[in-house]
Amino acid sequence: MTTQPDRSSWLQGPAAQCTPAPTPIVPRWRLVLLGAPGVGKGTQAQLLHQRLGACHLSTGDVFRAAATRKDCAPSPAMATALDYMRRGELVPDTTVWEMVRERAGCLRCAGGFLLDGFPRTLNQAESLSQLLRAENLPLNAVVDYELPVAEIVSRLSGRRTCTSCKAVFHIANQPPQRENVCDHCGATLFQREDDRPESIKVRLAAYDQSTAPLIDFYRRQNLLVSIPATGSPDEICSRTVAALYQRAPLPTVV
Ligand code: AP5
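This text gives an overview of the structure that appears in the document. (Residues numbered from 1 in each chain as written. Predicted model: local features only at pLDDT ≥ 70, side-chain atom pairs only at ≥ 80, totals over all residues. Heavy atoms only, no water.)

For His-170, the location among the structural elements is in strand 6 (residues 168-170). On the basis of relative accessibility, which here comes to 9%, the residue His-170 falls in the buried class. When near neighbours in sequence (up to four residues on either side) are disregarded, His-170 contacts Ser-154, Arg-155, Gly-158, Arg-159 and Pro-175. (Helix = DSSP H or I, 4+ residues; strand = E, 2+ residues; numbered from the N terminus. Buried < 20%, exposed > 50% of the residue type's maximum accessible area, 1.4 Å probe, protein only. Contact = heavy atoms within 4.5 Å.)

See below:
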(Lines give C-alpha, C1' and ligand atoms only; values in the text may rest on other atoms or scores of the structure.)
Protein backbone atom coordinates (compact mmCIF):
# COMPACT_ATOMS: atom_id res chain seq x y z
CA MET A 1 0.00 0.00 0.00
CA THR A 2 1.19 3.54 -0.67
CA THR A 3 1.77 5.33 2.61
CA GLN A 4 -0.23 8.45 3.22
CA PRO A 5 1.42 11.25 5.14
CA ASP A 6 -0.10 12.13 8.49
CA ARG A 7 -3.21 14.15 7.58
CA SER A 8 -4.40 14.99 11.09
CA SER A 9 -4.86 18.71 10.36
CA TRP A 10 -7.10 17.86 7.43
CA LEU A 11 -9.00 14.91 8.88
CA GLN A 12 -9.54 16.27 12.39
CA GLY A 13 -9.45 20.03 11.86
CA PRO A 14 -7.00 22.84 12.61
CA ALA A 15 -6.66 21.99 16.31
CA ALA A 16 -4.75 18.83 15.28
CA GLN A 17 -1.17 19.05 14.03
CA CYS A 18 0.38 16.80 11.39
CA THR A 19 3.27 14.80 12.82
CA PRO A 20 5.83 15.12 11.40
CA ALA A 21 5.05 18.49 9.83
CA PRO A 22 5.30 18.22 6.03
CA THR A 23 8.65 19.27 4.60
CA PRO A 24 8.71 22.07 2.02
CA ILE A 25 8.74 20.70 -1.52
CA VAL A 26 9.90 22.29 -4.77
CA PRO A 27 8.17 22.25 -7.18
CA ARG A 28 5.11 22.55 -5.00
CA TRP A 29 2.05 21.18 -6.72
CA ARG A 30 -1.44 22.50 -6.09
CA LEU A 31 -3.90 20.36 -7.97
CA VAL A 32 -7.62 19.61 -8.07
CA LEU A 33 -8.66 16.09 -9.09
CA LEU A 34 -12.02 16.01 -10.88
CA GLY A 35 -14.00 13.06 -12.17
CA ALA A 36 -17.11 11.04 -11.49
CA PRO A 37 -17.48 9.00 -8.29
CA GLY A 38 -15.45 5.81 -8.57
CA VAL A 39 -13.30 6.93 -11.48
CA GLY A 40 -10.22 6.35 -9.30
CA LYS A 41 -9.42 9.81 -7.86
CA GLY A 42 -8.48 8.46 -4.43
CA THR A 43 -6.29 5.74 -5.93
CA GLN A 44 -4.54 8.30 -8.13
CA ALA A 45 -4.16 10.78 -5.28
CA GLN A 46 -2.15 8.22 -3.32
CA LEU A 47 0.10 7.46 -6.30
CA LEU A 48 0.49 11.13 -7.19
CA HIS A 49 1.46 11.85 -3.60
CA GLN A 50 4.37 9.44 -4.05
CA ARG A 51 5.42 11.02 -7.36
CA LEU A 52 4.80 14.72 -6.63
CA GLY A 53 4.90 14.90 -2.83
CA ALA A 54 1.65 16.85 -2.46
CA CYS A 55 -0.78 15.82 0.29
CA HIS A 56 -4.08 14.05 -0.50
CA LEU A 57 -6.95 16.18 0.80
CA SER A 58 -10.30 14.44 0.32
CA THR A 59 -13.53 15.98 1.64
CA GLY A 60 -15.15 12.52 1.59
CA ASP A 61 -12.36 11.29 3.90
CA VAL A 62 -13.14 14.10 6.37
CA PHE A 63 -16.79 13.03 6.51
CA ARG A 64 -15.88 9.35 6.89
CA ALA A 65 -13.33 10.19 9.63
CA ALA A 66 -16.01 12.15 11.52
CA ALA A 67 -18.40 9.21 11.20
CA THR A 68 -15.94 6.80 12.82
CA ARG A 69 -14.55 9.00 15.61
CA LYS A 70 -15.12 7.34 18.95
CA ASP A 71 -13.98 10.21 21.20
CA CYS A 72 -16.83 12.60 20.34
CA ALA A 73 -20.22 12.53 18.68
CA PRO A 74 -20.51 14.42 15.37
CA SER A 75 -21.87 18.00 15.60
CA PRO A 76 -25.48 18.44 14.41
CA ALA A 77 -24.21 19.90 11.09
CA MET A 78 -21.86 16.94 10.61
CA ALA A 79 -24.60 14.41 11.50
CA THR A 80 -26.82 15.98 8.81
CA ALA A 81 -23.90 15.92 6.34
CA LEU A 82 -23.41 12.19 7.00
CA ASP A 83 -27.08 11.53 6.21
CA TYR A 84 -26.65 13.25 2.84
CA MET A 85 -23.54 11.17 2.18
CA ARG A 86 -25.21 7.84 3.00
CA ARG A 87 -27.97 8.62 0.50
CA GLY A 88 -25.36 9.51 -2.13
CA GLU A 89 -26.48 13.16 -2.25
CA LEU A 90 -24.13 16.12 -2.15
CA VAL A 91 -23.66 17.71 1.26
CA PRO A 92 -24.92 21.34 1.19
CA ASP A 93 -22.34 23.89 0.02
CA THR A 94 -22.42 25.90 3.27
CA THR A 95 -21.45 22.85 5.38
CA VAL A 96 -18.70 21.79 2.97
CA TRP A 97 -17.28 25.29 2.65
CA GLU A 98 -17.28 25.83 6.41
CA MET A 99 -15.27 22.61 6.78
CA VAL A 100 -12.75 23.51 4.05
CA ARG A 101 -12.33 27.11 5.24
CA GLU A 102 -11.57 25.83 8.73
CA ARG A 103 -8.79 23.72 7.16
CA ALA A 104 -7.37 26.48 4.92
CA GLY A 105 -4.00 25.96 6.64
CA CYS A 106 -3.68 22.71 4.65
CA LEU A 107 -3.94 24.70 1.41
CA ARG A 108 -1.02 26.87 2.55
CA CYS A 109 1.04 23.79 3.41
CA ALA A 110 4.63 23.82 2.18
CA GLY A 111 4.07 20.34 0.75
CA GLY A 112 1.34 21.41 -1.72
CA PHE A 113 -2.02 19.68 -2.09
CA LEU A 114 -4.16 17.32 -4.17
CA LEU A 115 -7.81 18.24 -3.62
CA ASP A 116 -10.01 15.16 -4.17
CA GLY A 117 -13.80 15.52 -4.15
CA PHE A 118 -13.68 19.30 -3.69
CA PRO A 119 -14.85 21.49 -5.34
CA ARG A 120 -17.98 19.68 -6.50
CA THR A 121 -20.30 22.55 -7.39
CA LEU A 122 -19.82 25.90 -9.12
CA ASN A 123 -20.43 27.66 -5.78
CA GLN A 124 -17.65 25.64 -4.15
CA ALA A 125 -15.32 26.32 -7.09
CA GLU A 126 -15.97 30.08 -6.88
CA SER A 127 -15.33 30.06 -3.12
CA LEU A 128 -12.09 28.13 -3.59
CA SER A 129 -10.91 30.49 -6.35
CA GLN A 130 -11.54 33.50 -4.12
CA LEU A 131 -9.68 31.96 -1.21
CA LEU A 132 -6.69 30.89 -3.32
CA ARG A 133 -6.54 34.31 -4.99
CA ALA A 134 -6.60 36.07 -1.63
CA GLU A 135 -3.83 33.82 -0.34
CA ASN A 136 -1.77 34.03 -3.57
CA LEU A 137 -1.85 30.26 -3.96
CA PRO A 138 -2.58 29.66 -7.66
CA LEU A 139 -3.65 26.20 -8.83
CA ASN A 140 -1.21 24.51 -11.22
CA ALA A 141 -3.84 22.38 -12.93
CA VAL A 142 -7.17 20.60 -12.59
CA VAL A 143 -6.94 16.96 -13.63
CA ASP A 144 -10.19 15.54 -15.01
CA TYR A 145 -10.31 11.72 -15.09
CA GLU A 146 -12.58 10.27 -17.78
CA LEU A 147 -14.12 6.78 -17.84
CA PRO A 148 -17.26 5.19 -19.39
CA VAL A 149 -20.18 4.92 -16.96
CA ALA A 150 -20.35 1.11 -17.10
CA GLU A 151 -16.74 0.87 -15.88
CA ILE A 152 -17.42 3.45 -13.15
CA VAL A 153 -20.36 1.42 -11.83
CA SER A 154 -18.25 -1.73 -11.85
CA ARG A 155 -15.41 -0.01 -9.94
CA LEU A 156 -17.83 1.36 -7.33
CA SER A 157 -19.87 -1.78 -6.78
CA GLY A 158 -16.74 -3.93 -6.42
CA ARG A 159 -14.86 -1.61 -4.06
CA ARG A 160 -14.06 -2.85 -0.57
CA THR A 161 -12.37 -0.72 2.08
CA CYS A 162 -10.43 -1.73 5.17
CA THR A 163 -12.27 -0.95 8.42
CA SER A 164 -8.96 -0.12 10.09
CA CYS A 165 -6.27 1.31 7.76
CA LYS A 166 -8.77 2.41 5.03
CA ALA A 167 -6.82 0.67 2.24
CA VAL A 168 -8.98 0.29 -0.87
CA PHE A 169 -9.44 -3.00 -2.79
CA HIS A 170 -11.64 -4.21 -5.59
CA ILE A 171 -13.18 -7.68 -5.62
CA ALA A 172 -12.14 -8.27 -9.26
CA ASN A 173 -9.48 -5.68 -10.19
CA GLN A 174 -7.49 -5.60 -6.98
CA PRO A 175 -8.68 -8.45 -4.75
CA PRO A 176 -7.20 -9.01 -1.30
CA GLN A 177 -5.20 -12.23 -0.87
CA ARG A 178 -7.78 -13.56 1.61
CA GLU A 179 -11.42 -12.83 0.97
CA ASN A 180 -12.63 -9.82 2.98
CA VAL A 181 -9.34 -9.47 4.88
CA CYS A 182 -7.01 -6.48 4.46
CA ASP A 183 -3.58 -7.47 3.05
CA HIS A 184 -1.90 -4.70 5.02
CA CYS A 185 -3.29 -4.89 8.54
CA GLY A 186 -5.47 -8.02 8.65
CA ALA A 187 -8.67 -6.12 9.54
CA THR A 188 -12.03 -6.86 7.90
CA LEU A 189 -13.05 -5.19 4.66
CA PHE A 190 -16.43 -3.53 4.23
CA GLN A 191 -18.53 -2.09 1.45
CA ARG A 192 -19.19 1.65 1.76
CA GLU A 193 -22.89 2.39 2.33
CA ASP A 194 -22.86 4.79 -0.62
CA ASP A 195 -21.44 2.06 -2.90
CA ARG A 196 -24.79 0.24 -2.93
CA PRO A 197 -26.75 0.39 -6.22
CA GLU A 198 -29.41 2.88 -5.06
CA SER A 199 -26.78 5.37 -3.77
CA ILE A 200 -24.54 4.92 -6.83
CA LYS A 201 -27.43 6.05 -9.03
CA VAL A 202 -27.95 9.18 -6.92
CA ARG A 203 -24.21 9.97 -6.87
CA LEU A 204 -23.85 9.70 -10.64
CA ALA A 205 -26.88 11.96 -11.15
CA ALA A 206 -25.45 14.50 -8.68
CA TYR A 207 -22.16 14.40 -10.56
CA ASP A 208 -23.83 15.06 -13.93
CA GLN A 209 -25.93 17.87 -12.58
CA SER A 210 -23.57 19.68 -10.22
CA THR A 211 -19.95 18.63 -10.79
CA ALA A 212 -19.63 18.09 -14.55
CA PRO A 213 -20.12 21.85 -15.20
CA LEU A 214 -16.77 22.40 -13.44
CA ILE A 215 -15.03 20.91 -16.48
CA ASP A 216 -15.94 23.97 -18.54
CA PHE A 217 -15.33 26.29 -15.60
CA TYR A 218 -11.70 25.16 -15.37
CA ARG A 219 -11.25 24.76 -19.13
CA ARG A 220 -12.06 28.47 -19.50
CA GLN A 221 -9.29 29.22 -16.99
CA ASN A 222 -6.87 27.11 -19.02
CA LEU A 223 -6.30 24.81 -16.06
CA LEU A 224 -7.95 21.64 -17.34
CA VAL A 225 -5.91 18.51 -18.05
CA SER A 226 -8.10 15.61 -19.28
CA ILE A 227 -6.79 12.11 -18.60
CA PRO A 228 -8.33 8.80 -19.72
CA ALA A 229 -8.76 6.71 -16.55
CA THR A 230 -8.45 3.37 -18.36
CA GLY A 231 -5.60 0.94 -17.74
CA SER A 232 -3.80 0.11 -14.52
CA PRO A 233 -3.50 2.69 -11.72
CA ASP A 234 0.26 3.01 -12.40
CA GLU A 235 -0.33 3.63 -16.10
CA ILE A 236 -2.90 6.31 -15.33
CA CYS A 237 -0.56 7.94 -12.82
CA SER A 238 2.33 8.04 -15.33
CA ARG A 239 -0.05 9.51 -17.93
CA THR A 240 -1.07 12.19 -15.43
CA VAL A 241 2.46 13.12 -14.43
CA ALA A 242 3.58 13.31 -18.08
CA ALA A 243 0.63 15.57 -18.94
CA LEU A 244 1.32 17.82 -15.96
CA TYR A 245 4.99 18.23 -16.84
CA GLN A 246 4.04 19.03 -20.45
CA ARG A 247 2.28 22.12 -19.18
CA ALA A 248 4.33 25.23 -18.78
CA PRO A 249 5.30 26.91 -16.59
CA LEU A 250 6.32 24.50 -13.83
CA PRO A 251 4.85 25.12 -10.37
CA THR A 252 6.25 28.14 -8.63
CA VAL A 253 7.78 28.10 -5.18
CA VAL A 254 5.26 30.63 -3.79
P1 AP5 B 1 -16.00 10.99 -1.96
O2 AP5 B 1 -15.37 10.19 -0.92
O3 AP5 B 1 -15.29 12.16 -2.53
O4 AP5 B 1 -16.45 9.97 -3.08
P5 AP5 B 1 -16.44 10.06 -4.67
O6 AP5 B 1 -16.08 11.32 -5.32
O7 AP5 B 1 -17.79 9.56 -4.96
O8 AP5 B 1 -15.28 9.22 -5.04
P9 AP5 B 1 -14.99 7.81 -4.56
O10 AP5 B 1 -14.19 7.83 -3.28
O11 AP5 B 1 -16.26 7.00 -4.53
O12 AP5 B 1 -14.18 7.22 -5.79
P13 AP5 B 1 -12.74 7.55 -6.34
O14 AP5 B 1 -12.87 8.32 -7.61
O15 AP5 B 1 -11.87 8.14 -5.28
O16 AP5 B 1 -12.30 6.08 -6.70
P17 AP5 B 1 -11.32 5.06 -5.94
O18 AP5 B 1 -9.91 5.47 -6.14
O19 AP5 B 1 -11.78 4.77 -4.55
O20 AP5 B 1 -17.40 11.55 -1.48
C21 AP5 B 1 -18.35 10.74 -0.83
C22 AP5 B 1 -19.57 11.57 -0.49
O23 AP5 B 1 -19.22 12.62 0.43
C24 AP5 B 1 -20.27 12.29 -1.65
O25 AP5 B 1 -21.17 11.44 -2.34
C26 AP5 B 1 -20.99 13.42 -0.90
O27 AP5 B 1 -22.13 12.95 -0.25
C28 AP5 B 1 -19.96 13.82 0.16
N29 AP5 B 1 -19.03 14.86 -0.31
C30 AP5 B 1 -17.69 14.77 -0.38
N31 AP5 B 1 -17.16 15.91 -0.85
C32 AP5 B 1 -18.20 16.75 -1.09
C33 AP5 B 1 -18.29 18.07 -1.60
N34 AP5 B 1 -17.20 18.76 -1.95
N35 AP5 B 1 -19.52 18.61 -1.74
C36 AP5 B 1 -20.64 17.95 -1.37
N37 AP5 B 1 -20.62 16.69 -0.87
C38 AP5 B 1 -19.41 16.09 -0.74
O39 AP5 B 1 -11.56 3.75 -6.86
C40 AP5 B 1 -12.84 3.12 -6.91
C41 AP5 B 1 -12.62 1.59 -7.07
O42 AP5 B 1 -12.01 1.33 -8.33
C43 AP5 B 1 -11.72 0.94 -6.01
O44 AP5 B 1 -12.20 -0.32 -5.69
C45 AP5 B 1 -10.33 0.83 -6.72
O46 AP5 B 1 -9.60 -0.28 -6.24
C47 AP5 B 1 -10.79 0.62 -8.17
N48 AP5 B 1 -9.82 1.19 -9.13
C49 AP5 B 1 -9.18 2.39 -9.03
N50 AP5 B 1 -8.39 2.60 -10.10
C51 AP5 B 1 -8.57 1.51 -10.91
C52 AP5 B 1 -8.05 1.13 -12.18
N53 AP5 B 1 -7.20 1.92 -12.83
N54 AP5 B 1 -8.44 -0.03 -12.72
C55 AP5 B 1 -9.33 -0.85 -12.07
N56 AP5 B 1 -9.86 -0.55 -10.86
C57 AP5 B 1 -9.49 0.62 -10.29
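With that out of the way, let us pick up the sheet that holds strand 7 (residues 189-190). One open sheet accounts for 3 strands, arranged 6-5-7; its pairing is antiparallel. This sheet does not close on itself; its edge strands, each paired only once, are strand 6 and strand 7. Taken together, the 2 bridges between strand 5 (residues 159-162) and strand 7 define a ladder with antiparallel strand orientation. Residue pairing in the sheet places Thr-161 in a bridge with Phe-190 of strand 7. On top of the sheet, helix 8 (residues 149-157) reaches strand 5 and strand 6; it is set at about 35 degrees to strand 5, its chief contact. (Pairing = 2+ DSSP bridges. Axes fitted to C-alpha atoms, helices over the stretch in contact; angles between N-to-C directions.)

This part covers helix 10 (residues 213-220). Since there are 3.6 residues in each turn of an α-helix, residues three or four apart along the chain are aligned in direction. All of the buried residues in helix 10 are Leu-214, Ile-215, Phe-217 and Tyr-218. Buried residues in helix 10, looked at end-on, bunch into an arc of 165 degrees, giving them a common side. Buried residues along helix 10 sit in contact with strand 1 (30-35), helix 7 (122-134), strand 4 (141-146), helix 9 (197-211) and strand 8 (224-228). Following helix 10 by one or two positions, Asn-222 has its phi on the positive side, about 60 degrees. (Arc of directions from axis to C-beta.)

Time to look at the sheet that holds strand 8. Ordered by their spatial adjacency, 5 strands build an open sheet running 2-3-1-4-8, and the pairing between neighbours is parallel. Pairing within the sheet leaves two strands with one partner each, and these edge strands are strand 2 (55-58) and strand 8. The sheet shows a mean angle of 25 degrees between the axes of neighbouring strands, taken without regard to direction. Contacts from helix 3 (residues 59-68) reach strand 2 and strand 3 (113-116), with the element oriented near 70 degrees to strand 2.

We now examine the packing of aromatic side chains. Two aromatic rings are characterised by how far apart their centres lie and by the angle between their planes. Here the structure, examined in full by the defined rule, presents 3 aromatic pairs. Geometrically, the ring pair formed by Trp-97 and Phe-118 is stacked, given 6.2 Å between the ring centres and 15 degrees between the ring planes. In this pair, Trp-97 sits in helix 5 (residues 93-102) while Phe-118 sits in the loop between strand 3 and helix 7, placing the two residues 21 residues apart along the sequence. Here Trp-97 matches Phe-118 in class, with each residue buried. (Phe/Tyr/Trp six-rings, centres within 6.5 Å; stacked < 30°, edge-to-face > 60°.)

Before going further, it helps to spend a moment on the environment of Ser-127. Assignment of secondary structure puts Ser-127 in helix 7. Among the residues examined, Ser-127 registers a relative accessible area of 22% and is labelled partly exposed. Taking the C-alpha atoms as reference points, Ser-127 and Arg-101, separated by 26 residues in sequence, lie 9.4 Å from one another.

Let us look at helix 5. Taken as a whole, helix 5 has its buried residues at Val-96, Trp-97, Met-99 and Val-100. An end-on view of helix 5 places all buried positions within 160 degrees of arc, on one side of the element. Buried residues in helix 5 make contact with helix 1 (8-12), helix 3, helix 4 (76-87), helix 6 (104-107) and helix 7.

With omega at -5 degrees, the peptide bond leading from Thr-19 into Pro-20 counts as cis. Inspection of the secondary structure assignment puts Pro-20 in the loop between helix 1 and strand 1. Going from Val-26 to Pro-27, the amide bond is cis rather than trans, its omega being -5 degrees. Relative to the assigned elements, Pro-27 resides in the loop between helix 1 and strand 1. Phi at Lys-166 is positive, roughly 70 degrees, even though this residue is not glycine. Mapped onto the elements, Lys-166 comes out in the loop between strand 5 and strand 6.

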